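# Tertiary structure, described
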Amino acid sequence: MFFRRLSKHFLSANTSSRVAHHLKRDFSEIPVTQITKSNMAEHGCMGKTLGVIMQRLQEFAPLAYASSWDNVGLLVDPNIDAPIDTILLTNDLTEDIVEEAKCAKASLIISYHPNIFQGLKSVAKRTWKERIVVECIKNGIAVFSPHTSWDAVSGGVNDWLARSLPVKTSMPILQQIPNMPHVGPGRYVTLSEPVSIKMAVGMIKQHIGIKHLRLALGRRKSEESLLFTMALCAGSGSTILNGVEADLFLTGEMMHHDILDATQRGISVILCNHSDSERGFLHEFRSTLEKKILKDETRVIVSKIDRDPLVTV
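Let me begin by describing the structure that accompanies this report. No experiment lies behind these values; they were computed from the predicted model shown. (Residues numbered from 1 in each chain as written. Predicted model: local features only at pLDDT ≥ 70, side-chain atom pairs only at ≥ 80, totals over all residues. Heavy atoms only, no water.)

### Comments concerning the pairing of strand 10 (residues 268-271)
To keep it simple, the criterion reads: Burial here depends on accessible area, computed with a 1.4 Å probe over protein chains only, as a share of the maximum for the residue type. Under 20% is buried, over 50% is exposed, and the range in between is partly exposed. Working definition: helices are DSSP H or I runs of at least four residues, strands are E runs of at least two. Numbering for both runs from the N terminus. Think of it this way: DSSP has to see at least two bridges between two strands before they count as a pair. Handedness of a crossover is defined as follows: with both strands directed away from the viewer, a clockwise route from the first strand across the helix to the second makes it right-handed.
Every second residue of strand 10 is oriented toward a common face, with Ser268 and Ile270 on one face and Val269 and Leu271 on the other, all of them buried. Note: strand 7 (residues 214-216) against strand 10, 3 bridges, orientation antiparallel. Among the inter-strand pairings, leucine 215 is bridged to a residue of strand 10, identified as isoleucine 270. Pairing of strand 9 (residues 248-253) with strand 10, which is carried by 4 bridges, proceeds in the parallel orientation. What sits directly across from threonine 251, in strand 10, is leucine 271. Tracing the backbone out of strand 9, into helix 11 (residues 256-264) and back to the parallel element strand 10 gives a crossover that is right-handed.

Written out as C-alpha cells, the structure reads:
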C-alpha cells in the first residue's frame, strides 16, 4: 500500500514498479523510527494518528480550496500507525529541516510549500528532493503540504499578511468557491484609517519581522502619499494582482514588467521576499493548531532554521 501511495504522487508509469522494488529491497532491513510511550510522556501529549490529524487539518482548510495547479495534501506517507506526538511546521522543506525534525522526534512535517511539485521519476539519492523523501520514509516522518488552501481560507496566510496595516474590510480578490465569498486567493483591503507609504513600510517590516523590503513608488507618488486601499497576495502576486486597482500592492515577489505596469498606473508596490510574506503566519498559527485544532493532544513546533534563501547584503 505504501508503495502504491508513492507511485500515485510522483512515480511515472514506466518506472514505478522498478523503483518500488528497489525501495522495498533497500528499506527492508532499515528500522523505522517510531514514537514510543516514553517520548509521548516526555512532551505530555498522547498524540493522534496521522488520519485523525489529516481530518482536523482539512476541517480548518479543505484541500478543495487549493488552486487547481497546486500539489497539496499528504505527499509522503511512511504508513506507520503509531500516534504522532510532535509536528514540525516549516515554510520550505530542505534536508537540514528533515534533520531538525529527526532531532525533535517529529513524525509529521507540515511544509507550507510542497516538497514534491513536479513529478519525480525516481526515489534515490541523486537530488536533494529525492533524499528528503528517502530520509522521511526511513525515519517514519510523514509530510503534508497545504500551500494555496491555507492562502485561500479565511484566517489563513493572506489574512495574516493583510493585518500588516489597519484593516476595515478584507475580501478575496478571486472568489473561487461558489457561495463562499470569504474563500479565495489574494485580499482586497480597505484600510480603517489612511496611512502614508512611509508609515506603511515601517508597519509591514514590523509585522513580518524583516529589516528590509523593496518599494516601487507609483507615478506621481511620494513616501508621504496616503494609502486608502491595498491589494495583496502572499508569495508571488503577479497573476492574482493583475488588473486590480488599489493604492498599494503588497506581495513577496513580482516580475519587473508587472511592477512597471503597476507603478505607471499610480499604484505603489512593496515586495518583501517570497517566503517572508508567508512564514510569519506559521508562528501565529502554531498555537491555534496545537490548542484549538488538535486540542493539546499533539505538540506543534516551528522550524528554527527555515528562512528565505535571499538576504539583502
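### A word on the environment of leucine 271
We apply this condition: By definition, residues are in contact when any of their heavy atoms lie within 4.5 Å.
Relative to the helices and strands, leucine 271 is located in strand 10. Once the C-alpha coordinates of leucine 271 and histidine 212 are considered, the two residues, 59 residues apart in sequence, prove to be 9.6 Å apart. Residues contacting leucine 271, with those up to four places away along its chain left out, are Leu213, Arg214, Thr251, Gly252, Glu253, Met254 and Ile259.

### Remarks on the sheet that holds strand 9
What counts, and what does not: To obtain an axis, a line is fitted to C-alpha atoms, over the contacting stretch when the element is a helix, and the angle between two such axes runs from 0 to 180 degrees between their N-to-C directions.
Read across the sheet, 6 strands follow the order 5-6-8-9-10-7 without closing on themselves; strand pairing throughout is mixed. For this open sheet the edge positions go to strand 5 (167-171) and strand 7, each flanked by a neighbour on one side alone. On average, each strand axis in the sheet is inclined to that of its neighbour by 25°, with strand direction left out of account. Contacts from helix 9 (residues 197-208) reach strand 6 (187-196), strand 7, strand 8 (226-236), strand 9 and strand 10 within the one sheet, and its direction differs from that of strand 6 by about 115°.

### Let's talk about the sheet that holds strand 1 (residues 73-76)
Pairing is mixed across the open sheet formed by 5 strands, whose spatial order is 1-4-3-2-11. Looking at strand neighbours, the two that pair on one side only are strand 1 and strand 11 (299-302), the edges of this open sheet. The sheet shows a mean angle of 25° between the axes of neighbouring strands, direction not considered. Relative to strand 11, strand 2 (residues 86-90) runs parallel, the two being bridged by 4 bridges. Note on strand 11: the bridge partner recorded for leucine 88 is isoleucine 301.

### Examining the layout of surface pockets
Going by this rule: With a 1 Å grid laid over protein atoms only, a set of points is called a cavity when a 1.4 Å probe fits there but cannot get out and a pocket when it is open yet has protein on both sides within 12 Å along at least five of seven lines; lining residues have an atom within 4 Å of a point. Grid points are joined across faces, edges and corners, and a volume is the space filled by probe spheres set on the points. Any residue that is not Ala, Val, Leu, Ile, Met, Phe, Trp, Tyr, Cys, Pro, Asp, Glu, Lys or Arg is counted as polar, Gly included; the first ten are nonpolar and the last four charged.
Put simply, the largest pocket is a space of about 520 Å³. Around the largest pocket sit 26 residues that line it, and Asp92, His113, Trp128, Ser275 and Pro309 are the ones nearest its centre. When residues of the lining of the largest pocket are traced back to their parent elements, those giving at least two are helix 5 (95-103), helix 6 (128-138) and strand 9. Of the residues belonging to the lining of the largest pocket, the class tally is 9 nonpolar, 9 polar and 8 charged. Approximately 410 Å³ is the volume found for the second largest pocket. Lining the second largest pocket are 24 residues, with Trp69, Thr148, Cys233, Ser236 and Ile240 positioned closest to its centre. Put simply, the parts of the chain that give the lining of the second largest pocket at least two residues each are helix 7 (148-152), strand 8 and helix 10 (238-241). Broken down by element, the residue count for the lining of the second largest pocket peaks at 4 residues, all from strand 8. Partitioning the lining of the second largest pocket into residue classes produces 9 nonpolar, 12 polar and 3 charged.

### As for the environment of serine 107
You can see serine 107 is positioned in the loop between helix 5 and strand 3 (108-111). With 36 residues separating them along the chain, serine 107 and valine 143 place their C-alpha atoms 8.7 Å apart.

### Brief notes about the nonpolar core
Here is the rule we go by: What makes a nonpolar core is a set of buried Ala, Val, Leu, Ile, Met, Phe, Trp, Tyr and Cys residues whose side-chain atoms join them at distances within 4.5 Å.
Among the nonpolar cores identified, the biggest contains 50 residues, and Leu108, Ile110, Trp150 and Leu289 are the most heavily contacted of them. Isoleucine 110 has contacts with Leu57, Ile87, Leu88, Leu89, Thr90, Phe144, Pro146, Trp150 and Leu289, leaving out every residue within four places of it along the chain. In terms of nonpolar packing, the next biggest core, distinct from the first, is built from 18 residues, Val76, Ile97, Val123 and Val133 among them.

### Here we look at the pattern of salt bridges
How we decide: By definition, a salt bridge exists where a carboxyl oxygen of Asp or Glu is found within 4 Å of a side-chain nitrogen of Lys or Arg.
Summed over the entire model, instances satisfying the criterion amount to 15 salt bridges. Aspartate 92 serves as the salt-bridge partner of arginine 279, at 3.7 Å between the closest nitrogen and oxygen. Of this pair, arginine 279 sits in helix 12 (residues 276-293) while aspartate 92 sits in the loop between strand 2 and helix 5, and the two are 187 residues apart along the sequence. In this structure arginine 279 comes out as buried when scored by relative accessible area, which is 10%. Close ionic contact of aspartate 296 with lysine 291 constitutes a salt bridge, the shortest N to O distance being 3.6 Å. It is possible to trace a salt-bridge network through shared partners that takes in Asp92, Asp276, Arg279 and Asp306.

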